[in-house]
Amino acid sequence: TTLHPSYGAVIPRIASQRCNVIHRWPNNNAEDDDTPFLSSKSIHTYVRLDEQPPLTIREIKQELQDRKINYTDCFDKESLLQRLQQAKDGTVKSDAEDSHNDDATTATVETHVNSKQEPTTTADSSDQSTAQPPSSSSTPSSDNKNTIDETTMLQEIRSLRVRELREELARRNLRWGGMIEKEDLVQAVFQARKVALNFSATGVLTPGNVAELTGEQLEQELEQKPKLPLLLDAYATWCGPCQMMAPQLVEASQVLGDKVRVAKMDTDQNQAQASKLQVQGLPTLILFRNGKEVDRIEGALMKDQLIQWVESKL
């Protein structure tokens, strides 16, 4: 409550809601009741509550956390609101439900795989004596090898939990909000990895996106053959210009597409690699071609400046 400065009346103050407070004073003139008139009677206060104010991003995230709903793939307020509405409608599962169902899903997959494994029979010695020697065509071809590698990759992805699948899709800037079943997430991660392996040595970098690399992963990328140009942003989380340039780098990577691999590396988390690269100022942009440094710039650049600089060095 607050004390009215002129009339000494106590006026209620309503917090957390937008409202219009209308103060009316009783008028002894019944014909003109809308005219304020000061009298010894108490002041009547009418409160008209309007609609609830729009939620802030922090409030949306807090409610999603309370509901134990993952929102790592939501990159703006609109997608957060959509995820919250899905949670209210019951069309998206909480992390607790996903964790509870993971074991059952994994057991089902393992049972399905084991049921397809047939027992191996040992051939008789007479059969072995008449068996034809293996021809050169029995050697696994590159297509068969790729098929085996993809099968192994798919099995490894299926062993991941729902939370891990969602986090990987979020790191690759892929939205999973409409994916209800775990297998949908598995196939999305599988396709993303296939595309990435044709683009980068580690499979972390994808065309048109900026991905985080460790020092070890950076070394693998620089050793890749054929060696696509690589643009590295050496940054730190506490660096203001680094944070300002981050969205500009994302937009530039979308324009550069599959012509350049774009990555960033936290110098605090990878101090040995940062020292090896002789990073002295932040942010530092380093352009590599054929595994060797071509040029570097210290300081933040805007989207057009980034594109112009990279294309001039290619």
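Worth saying up front: this structure is predicted, and the values here are computed from it rather than measured.

(A) Main features of the sheet that holds strand β6 (residues 230–235). In spatial order, the strands read β5-β7-β6-β8-β9; together these five strands make up an open sheet with mixed pairing. Each edge of the open sheet is held by one strand with a lone partner, namely β5 (210–212) and β9 (292–298). In this sheet, neighbouring strand axes are inclined to one another by 25° on average, regardless of whether the strands run parallel or antiparallel. Across three bridges, the pairing between β5 and strand β7 (residues 261–266) is parallel. Paired with A211 across the two strands is A263, which belongs to β7. The sheet contacts of helix α11 (residues 303–313) involve β6, β8 (284–289) and β9, and relative to β8 the element is tilted by about 30°.

(B) Up close: empty space enclosed by the protein. In the structure shown here, the tally under the stated rule is one cavity of 30 Å³ or more. One number sums up the size of the largest cavity: a volume of about 30 Å³. Lining the largest cavity, in full, are T91, V92, K93, R166, M179 and I180.

(C) Structural context of helix α6 (residues 162–171). Burial in α6 covers these residues: V162, L165, R166, E168, L169 and A170. Residue N173 follows α6 closely and has a positive phi angle near 60°.

(D) Focus on the confidence of the model for the protein. On average, residues of the protein carry a pLDDT of 75, and 66% of them reach 70 or more. Taken together, the stretch residues 7–11 has pLDDT below 50 and engages in 16 contacts with residues farther than four places along the chain or on a different chain. Ignoring residues within four places in sequence, the model shows residues 108–142, a span with pLDDT below 50, making two contacts including any to other chains.

(E) Molecular detail of the pairing of β9. As paired strands, β8 and β9 are joined by six bridges and run antiparallel to one another. Bridging across to β9, R289 finds its partner in K292. From the end of β8 to the start of β9, which pair antiparallel, there are two residues, and N290 there has a positive phi angle of about 55°.

(F) Quick peek at the packing of aromatic side chains. The full count for this structure, using the stated rule, is zero aromatic pairs. Geometry around W176 places R83 over its ring, the cationic atom sitting 4.4 Å from the centre. K264 extends its terminal NZ or CZ atom over the ring of Y235, reaching a point 5.7 Å from the ring centre.

(G) Structural view of the pattern of salt bridges. Scanning all chains against the criterion turns up ten salt bridges. Across the salt bridge formed by R193 and E168, the nearest N and O atoms sit 2.8 Å from each other. Taken together, the residues span a long stretch of sequence, with R193 in helix α7 (residues 182–197) and E168 in helix α6 at a distance of 25 residues. A salt bridge links R296 to E293; the nearest nitrogen and oxygen atoms lie 2.8 Å apart. R296 sits in the partly exposed class, given a relative accessible area of 24%. Look at E293 and you get partly exposed, because its relative accessible area is 39%. Among the ionic contacts, a cluster of salt bridges with common partners joins E156, E168 and R193.

Calculation notes
- Residues numbered from 1 in each chain as written.
- Predicted model: local features only at pLDDT ≥ 70, side-chain atom pairs only at ≥ 80, totals over all residues.
- Heavy atoms only, no water.
- Pairing = 2+ DSSP bridges.
- Helix = DSSP H or I, 4+ residues; strand = E, 2+ residues; numbered from the N terminus.
- Axes fitted to C-alpha atoms, helices over the stretch in contact; angles between N-to-C directions.
- Contact = heavy atoms within 4.5 Å.
- 1 Å grid on protein atoms, 1.4 Å probe; cavity = no way out; pocket = protein on both sides within 12 Å on 5 of 7 lines; lining within 4 Å.
- Points joined across faces, edges and corners; volume = space filled by probe spheres on them.
- Buried < 20%, exposed > 50% of the residue type's maximum accessible area, 1.4 Å probe, protein only.
- pLDDT = per-residue confidence, 0-100.
- Phe/Tyr/Trp six-rings, centres within 6.5 Å; stacked < 30°, edge-to-face > 60°.
- Lys NZ or Arg CZ within 6 Å of the ring centre and 35° of its normal.
- Salt bridge = Lys/Arg side-chain N within 4 Å of Asp/Glu carboxyl O.

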